[in-house]
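Each chain is listed here by its residues.
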Amino acid sequence: MRRDDFIKISGLAGLGVALMPTLSFVNFGPTFTRNQLIGKGKPDIVGNSYTSKMHKATKTAFDKMKAAAAKENINIEVVSAYRNFQRQKEIFEGKYKRYTKQGLSPDKVLEKIIEYSTIPGTSRHHWGTDLDIIDASVPRPANVLQPENFHGTGAFCRLKEWLNHNAETFGFFEVYTDNGNRKGFKYEPWHFSYSPVSIPMLRAYKEQIDVKKMLMEEHIMGSEHFSPEFISQYVTENILDINPKLLPWEI
Ligand SMILES: [Zn+2]
């Protein structure tokens, strides 16, 4: 036995005695820290670029899915994967300043930003489980992340068709589905989530993160205008009104 293994085991045994009454109530599933859930820690992230950084289990499953699609001459390419808190903050605050300069009221500014962008600390891209994907085997349209590219005669309709039939077998699910009754973010046929990791992360997020408190603590520009009603609607619609297959059973 290596020395550090011995220390780990003996340390745990000691803890076991000390924490026995508490531990018996603990769920032994994966645990995540506050910072991992809000994009300030790296939850088992591998890769070294904006398009390759992702959770290691997501990466393993993605590589398998990519290899299977390649057999059908579809070249799945990631255009956005893990995105940290700071990057999301820059996107959000850039829009906040721009819309404020245009003369919109704070309420309108927020409404406009959250049509397409998340508030920093609330993006699923913070988890490394969610990927925006396209097909690199076809000529690239000017603006790749547009729903029309994935339907009808769109460049990525073959990819979309393939994903409809196969993505779930690799653990990947569309998040912002084309369901007229769904609120929150608009339809995103390019955004897929690796459910074996993202479901426990959403559960942990819901249990551990007080969104209003987190936004205040992180000094997000405009957070003084986040009313309790705005936050609770954002949580209900933008965070939780997603593909039901990605919701933890507790919700
Ligand atoms: Zn996305």
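Our subject is the structure listed above.
Residues numbered from 1 in each chain as written. Predicted model: local features only at pLDDT ≥ 70, side-chain atom pairs only at ≥ 80, totals over all residues. Heavy atoms only, no water.

A. Structural detail: the coordination of the zinc ion. With distances of 2.1 to 2.7 Å, the protein atoms coordinating the zinc ion are His125 (NE2), Asp132 (OD), Asp132 (OD) and His191 (ND1). Here the zinc ion is ringed by four donor atoms whose angles at the metal span 52 to 149°, and the overall shape comes out irregular. On the basis of relative accessible area, Asp132 is assigned to the buried category, the value being 5%. (Donors = N, O, S within 2.8 Å, 3.2 Å for Na, K, Ca; no water. Tetrahedral: all angles 85-135°; square planar, octahedral: opposite > 155°, others 65-115°. Buried < 20%, exposed > 50% of the residue type's maximum accessible area, 1.4 Å probe, protein only.)

B. Summary view of the pattern of salt bridges. For the structure shown, the criterion picks out 13 salt bridges. Where Arg34 meets Glu217, a salt bridge forms, and the shortest distance between an N and an O atom there is 3.0 Å. On the criterion of sequence distance, the pair formed by Arg34 in helix α2 (residues 34-37) and Glu217 in helix α8 (residues 211-217) is long-range, its members being 183 residues apart. What makes Arg34 partly exposed here is its relative accessible area of 29%. Glu217 gets classed as partly exposed once you look at its relative accessible area, which sits at 38%. Of the charged contacts, one joins Glu168 and Lys245 as a salt bridge, the two residues approaching to 3.3 Å between their closest N and O atoms. With Glu168 in the loop between α6 (157-166) and β5 (172-174) and Lys245 in the segment after α9 (228-239), this residue pair connects regions lying 77 residues apart in the sequence. The class for Glu168 is partly exposed, based on a relative accessible area of 40%. In the salt-bridge network here, residues are joined through shared partners; they are Arg34, Lys40, Lys213, Glu217 and Glu218. (Salt bridge = Lys/Arg side-chain N within 4 Å of Asp/Glu carboxyl O. Helix = DSSP H or I, 4+ residues; strand = E, 2+ residues; numbered from the N terminus.)

C. Summary view of the sheet that holds strand β6 (residues 191-194). Taken in spatial order, the four strands make up an open sheet running β3-β4-β6-β5, and their pairing is antiparallel. Two strands lie at the open edges of the sheet, namely β3 (76-80) and β5, each paired on one side alone. Direction aside, the axes of adjacent strands within the sheet are offset by 45° on average. Where β3 meets strand β4 (residues 130-135), four bridges bridge the pair, whose relative direction is antiparallel. By the bridge assignment, Val78 is partnered in β4 with Ile133. (Pairing = 2+ DSSP bridges. Axes fitted to C-alpha atoms, helices over the stretch in contact; angles between N-to-C directions.)

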